[in-house]
Amino acid sequence: MGQAPAEVKGHIPQGVELPPARAGERALERRRRAAAYLQLLPGWLYLCVGFVIPLVIIVYTSLTTSGLFSTGGNATFSWHWANYSDGLSLYSNIYIRSLVYAGIATTICIGLAYPMAYWIAFYGGKWKSTLFMLILVPFFVSFVIRTVQWNFILGTDGLLFGPLKNHGLLSDSFHVLRTPIAVIAGITYNFLPFAALPLYVALERIDHGLVEAGKDLYASPSVAFRKVVLPLSFPGIFAAIILTFVPATGDYVNAVVLGGTGTTMIGQIIQNQFLEAHQYSIAAALSVVLMAGMLVIALIYARILGTEDETLAAA
């Protein structure tokens, strides 16, 4: 076989001019690429201003002796790593408590959201969109208002326990508010849609013909679910874990509204150090540690499922 012409290979011989049509195609391609980058520019600017710059400021502040925004501008950058060791020594138990609360809430969210998403995806029929919207309805109400309402539901004489006490089914001293149960319940309620969304996307994408093929091969419904549906929904499960666990770990609204002194979470500590104690360096160090932990989870996701999975992107 003879050697292919240079222009077929994508190379232009020196001194050879492209035909007008080819030159026009190249110019059009360059304009399309330029237009694509221009369309990305607002997003990149938003990420830079809203994420990268604040992140740099937080990391910088975590290594100063008095904080970037200290009164009088006396911050001194000195690679003060003691902020991290001091923060971890003081609040390591709070970190662990936050991880435990978030882990329990995430597990409950997955346990509740998966059956709902499964039923809607496989048996919802023409009502799929309507049924799924019912799960997302709480998003139309303020996060704080939704959390405050749980005070009336879980209160000592509230909507749930008041009637039970009046009928003698519970003792007068029984209470749930200001306990870990109340905080975990609030986190579960508020973050349930975060788990339902990626689960539904993953389950809705599954070809129902694969399940029918499994049944044709004499698999029972439970076996078909375990061997076909569950493995194919793993990307959605992992995405649901990330979308629920990450924000739940840093949440402080539920702990403030529904918890007590024994249910403090790391988000409360960071908020208090920043806005009340004005210990900016410690607060920044605690924030960096929290972000680093969440980054590790994201890297685990990328390692296990890859960065090209469409389930998380669709979520």
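Scroll up for the structure.
The structure displayed is predicted, hence computed values, not measured ones. (Residues numbered from 1 in each chain as written. Predicted model: local features only at pLDDT ≥ 70, side-chain atom pairs only at ≥ 80, totals over all residues. Heavy atoms only, no water.)

Engineer: Describe in detail the overall build of the protein chain, supporting the description with residues and values.
Structural biologist: Counting secondary structure elements, the protein chain contains 13 helices and zero strands. Along its sequence from the N terminus, the protein chain presents helices and strands in the succession α-α-α-α-α-α-α-α-α-α-α-α-α. In the protein chain, buried positions account for 35% of the 315 residues. Relative to all contacts within the protein chain whose residues are 6 or more apart in sequence, the contacts with residues 24 or more apart total 67%. Carbon and sulfur atoms make up 67% of the accessible area of the protein chain, which amounts to about 18900 Å² in all. (Helix = DSSP H or I, 4+ residues; strand = E, 2+ residues; numbered from the N terminus. Buried < 20%, exposed > 50% of the residue type's maximum accessible area, 1.4 Å probe, protein only. Contact = heavy atoms within 4.5 Å. Areas by Shrake-Rupley, 256 points an atom, 1.4 Å probe, with all protein chains shown as cover.)

Engineer: Go over the packing of helix H2 (residues 82–123) against helix H8 (residues 221–232) with me, naming the residues and quoting the values.
Structural biologist: Following both chains from N to C, one finds H2 and H8 inclined at 90°, their axes separated by 13 Å at the closest point. Classified by the interaxial angle, the pair formed by H2 and H8 is roughly perpendicular. Along the contact surface, H2 presents Tyr114, Tyr118 and Phe122, while H8 presents Phe225, Val229 and Leu230. Here the residues of the contact of H2 with H8 sort into six nonpolar, no polar and no charged. (Axes fitted to C-alpha atoms, helices over the stretch in contact; angles between N-to-C directions. Parallel < 35°, antiparallel > 145°, perpendicular 65-115°, else oblique. Nonpolar A, V, L, I, M, F, W, Y, C, P; charged D, E, K, R; others polar.)

Engineer: Which residues make up the packing of H2 against helix H9 (residues 234–250), and what values go with them?
Structural biologist: At their nearest, the axes of H2 and H9 sit 9 Å apart, and the two run at 140° to each other. Overall, the two elements H2 and H9 adopt an arrangement that is oblique. Judged by the twist between their axes, the crossing of H2 over H9 is right-handed. Residues Ser98, Leu99, Ala102, Gly103, Thr106, Cys109, Ile110 and Tyr114 of H2 pack against Ile237, Ala240, Ile241, Thr244, Phe245, Ala248 and Thr249 of H9. Residues of the contact of H2 with H9, tallied by class, amount to ten nonpolar, five polar and no charged. (Left-handed = near helix turned anticlockwise from the far one by under 90°.)

Engineer: Got a sec to walk through the packing of aromatic side chains? Specific residues and values, please.
Structural biologist: Inspection of the entire model under this criterion finds 14 aromatic pairs. Here the aromatic residues Tyr114, Tyr118, Trp119, Phe122, Tyr123 and Phe225 are joined through ring pairs into a cluster of three or more. (Phe/Tyr/Trp six-rings, centres within 6.5 Å; stacked < 30°, edge-to-face > 60°.)

Engineer: Tell me about the side chain of Asn83, and name the residues and values.
Structural biologist: Within the secondary structure, Asn83 is located in helix H2. Overall, Asn83 belongs to the buried group, its relative accessible area being 5%. In this structure the side chain of Asn83 is engaged in a polar contact, spanning 2.7 Å, whose partner is the backbone oxygen of Ser62. In contact with Asn83, other than residues within four places in its own chain, are Ser62, Leu63, Thr64, Ser281, Ile282 and Ala285. (Polar contact = N/O pair within 3.5 Å; in protein donor to acceptor, adjacent residues only side chain to side chain.)

Engineer: How would you sum up the environment of Leu88? Please name residues and give values.
Structural biologist: In this fold, Leu88 is placed in helix H2. Residue Leu88 is classed as partly exposed on the basis of its relative accessible area of 38%. Taking the C-alpha atoms as reference, Leu88 lies 8.7 Å from Val289; in sequence the two are 201 residues apart. For Leu88, the residues in contact, after removing those within four places along its chain, are Tyr95 and Val289.

Engineer: Could you give me a rundown of helix H6 (residues 180–204), with the residues and numbers involved?
Structural biologist: Here H6 is 25 residues long and its end C-alpha atoms lie 35 Å apart, about the 36 Å a rise of 1.5 Å per residue gives. Within H6, 18 of the 25 residues are buried, which leaves the element mostly enclosed by the surrounding structure. (Expected span 1.5 Å × (residues − 1).)

Engineer: Just give me the short version of the pattern of salt bridges, but keep the residues and values in it.
Structural biologist: Taken as a whole and assessed by the stated rule, the structure comprises two salt bridges. The residue Glu29 makes a salt bridge to Arg33 at a minimum N-O spacing of 3.5 Å. Of this pair, Glu29 and Arg33 both sit in helix H1 (residues 20–62), four residues apart, roughly one helical turn. Glu204 is paired through a salt bridge with Lys128; the nearest N and O atoms lie 3.5 Å apart. Separated by 76 residues along the polypeptide, Glu204 in helix H6 and Lys128 in helix H3 (residues 128–136) bring together distant segments of the chain. The exposure class of Glu204 is partly exposed, given its relative accessible area of 35%. (Salt bridge = Lys/Arg side-chain N within 4 Å of Asp/Glu carboxyl O.)

Engineer: Hey, could you go over a nonpolar patch on the surface for me, with residue numbers and the actual values?
Structural biologist: On the surface, Tyr37, Leu40, Trp44, Tyr46, Leu47, Phe51, Val52 and Val56 cluster together into a nonpolar patch covering about 940 Å² of accessible area. Its place among the elements puts Leu47 in helix H1. (Patch = residues over 30% accessible without salt bridge, like charges linked within 9 Å, V, L, I, M, F, W, Y side chains within 5 Å.)

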